[in-house]
Amino acid sequence: MGHIIAVSGKGGVGKTTLCGLLIQYLCENGKKPVLAVDADANANLNEVLGVEAGVTLGELREEIERAGIDPKYKIPAGITKAAYLESRLADALTEEDDYDLMVMGRSQGQGCYCFVNGIVQTQVQKLQGHYPYIVVDNEAGMEHISRGILPNMEIAILVSDCSRRGVQAAGRIAGLMKELNFHPKKVGLIVNRAPEGKLDEGTLEEIEKQKLDLLGVVPQDEDVYRFDCEGRPTVQLPKSSPVREALKGIIEKLDI
């Protein structure tokens, strides 16, 4: 069964960037193929990876829910909704040389994400045996954790910036996993965008207060910001990038 690595944290801390670089590291170090799952309704992991995403699970939800109501969405005659969904799920997997990407996406209208969440959970379970590693970029907050979408995760990586609020959010996610009786082999914190790669006393104090295991610190790097502004995939950062170097050291310590 594939090893599930879940990346979580509050919005804006750079977890998707680190998620993309983690996928890149695994592929470059013989851990392929990787299944990359963008489980954030505001999907942009594909931009970090530099690929065009196929149909999202949210768009499939629209097709199923609006079939027969909106002429834009039509299921072929003689096929059930369940059979049609199964046939379309293959289109929701963007296949690259070293990894495949599945994107949750968002629905166009109102409604609960239970249906899409259920597909994510089912597909991860179904595909787990085909990939040595599955890396899941979770949405900001605790939605997927609270819904138990990934109860079989082996490694939970919590990402924060240097702020106390970010560390507190990571602490809440770690606490929720305990409440839900999840038992990942490893739960740890990465602090991202640290000036000069260093943490001040206030941040360290909050990490200790939240009883979080600090996996490592990733420095602030203007190249990441510049790549984002220019629309360049973050995975194109040079190997000498301090961000890539720091993340490499963290992953090597995780022994994955």
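Everything here concerns the structure above.
Bear in mind the structure is a predicted one, so any value in this text is a computation, not a measurement.

Notes on the sheet that holds strand β1 (residues 3-8)
Spatially, 8 strands are ordered β3-β4-β2-β5-β1-β6-β7-β8 in an open sheet, and the strand pairing comes out mixed. Edge positions in the sheet fall to β3 (93-95) and β8 (214-219), since each of these pairs with one other strand and no more. Neighbour to neighbour, the strand axes of the sheet diverge by 20 degrees on average, direction disregarded. Here 4 bridges tie strand β7 (residues 186-194) to β8, and the two strands are oriented parallel to one another. Within the sheet, the bridge partner assigned to Ala194 lies in β8 and is Pro219. Those strands touched by helix α1 (residues 15-28) are β1, β2 (34-39), β4 (99-103), β5 (133-138), β6 (155-160), β7 and β8, and its axis lies near 170 degrees from that of β5.

Quick notes on the side chain of Gln128
Within the secondary structure layout, Gln128 lies in the loop between α5 (114-127) and β5. Setting aside anything within four residues of it in sequence, one finds Gln128 in contact with Met1, Gly2, Ile4 and Ile134.

Focus on the environment of Asn181
By the element assignment, Asn181 lies in the loop between α7 (164-179) and β7. Along the chain, Asn181 and Ala170 lie 11 residues apart, while their C-alpha atoms are 17 Å from each other.

Notes on unusual backbone geometry
Pro33 follows Lys32 through a cis peptide bond whose omega is -5 degrees. With respect to the secondary-structure elements, Pro33 resides in the loop between α1 and β2. You will see that Asn181, though not glycine, has its phi angle at about 65 degrees, which is positive. The phi dihedral of Arg193 falls on the positive side, at around 60 degrees, and the residue is not glycine. Topologically, Arg193 is positioned in strand β7.

Digging into the pattern of salt bridges
This model, assessed by the stated rule, comprises 13 salt bridges. Close ionic contact of Glu154 with Lys185 constitutes a salt bridge, the shortest N to O distance being 3.9 Å. Highlighted residues: Glu154 in the loop between α6 (143-147) and β6 and Lys185 in the loop between α7 and β7, separated in sequence by 31 residues. The salt bridge partner of Arg226 is Glu230, with a shortest N-O separation of 3.9 Å. Here the residue Arg226 and the residue Glu230 both occupy positions in helix α9 (residues 222-230), the gap between them amounting to 4 residues, near one helical turn. With relative accessibility at 34%, the residue Arg226 sits in the partly exposed group. Under the relative-accessibility criterion, Glu230 is labelled partly exposed at 45%. The network of salt bridges with common partners includes Asp223, Arg226, Glu230 and Arg232.

Let's talk about empty space enclosed by the protein
This structure, assessed with the given rule, holds 2 cavities of 30 Å³ or more. Looking at the largest cavity, its volume works out to about 50 Å³. If you trace the largest cavity, you find it lined by Val7, Leu18, Cys19, Leu22, Ile157, Val159, Ile190, Leu247 and Ile251. Looking at the lining of the largest cavity, the elements with two or more residues in it are α1, β6 and α10 (242-254). Counting residues per element, the lining of the largest cavity draws most heavily on α1, which supplies 3 residues. Taken together, the residues of the lining of the largest cavity sort by class into 9 nonpolar, no polar and no charged.

Focus on the pairing of β4
Counting buried positions along β4 gives 5 out of 5 residues, so the element sits mostly inside the fold. Alternating positions in β4 separate into two faces, Tyr99, Leu101 and Val103 on one and Asp100 and Met102 on the other, with burial throughout. Pairing between β2 and β4: 5 bridges, direction parallel. Bridge assignment links Val37 to a residue of β4, and that residue is Met102. In this structure, β3 lies alongside β4, joined through 3 bridges in antiparallel fashion. Note that in β4 the partner of Glu95 across the bridge is Asp100.

What counts, and at which threshold
Residues numbered from 1 in each chain as written. Predicted model: local features only at pLDDT ≥ 70, side-chain atom pairs only at ≥ 80, totals over all residues. Heavy atoms only, no water. Pairing = 2+ DSSP bridges. Helix = DSSP H or I, 4+ residues; strand = E, 2+ residues; numbered from the N terminus. Axes fitted to C-alpha atoms, helices over the stretch in contact; angles between N-to-C directions. Contact = heavy atoms within 4.5 Å. Salt bridge = Lys/Arg side-chain N within 4 Å of Asp/Glu carboxyl O. Buried < 20%, exposed > 50% of the residue type's maximum accessible area, 1.4 Å probe, protein only. 1 Å grid on protein atoms, 1.4 Å probe; cavity = no way out; pocket = protein on both sides within 12 Å on 5 of 7 lines; lining within 4 Å. Points joined across faces, edges and corners; volume = space filled by probe spheres on them. Nonpolar A, V, L, I, M, F, W, Y, C, P; charged D, E, K, R; others polar.

Taken by themselves, the reported measurements are silent on function.
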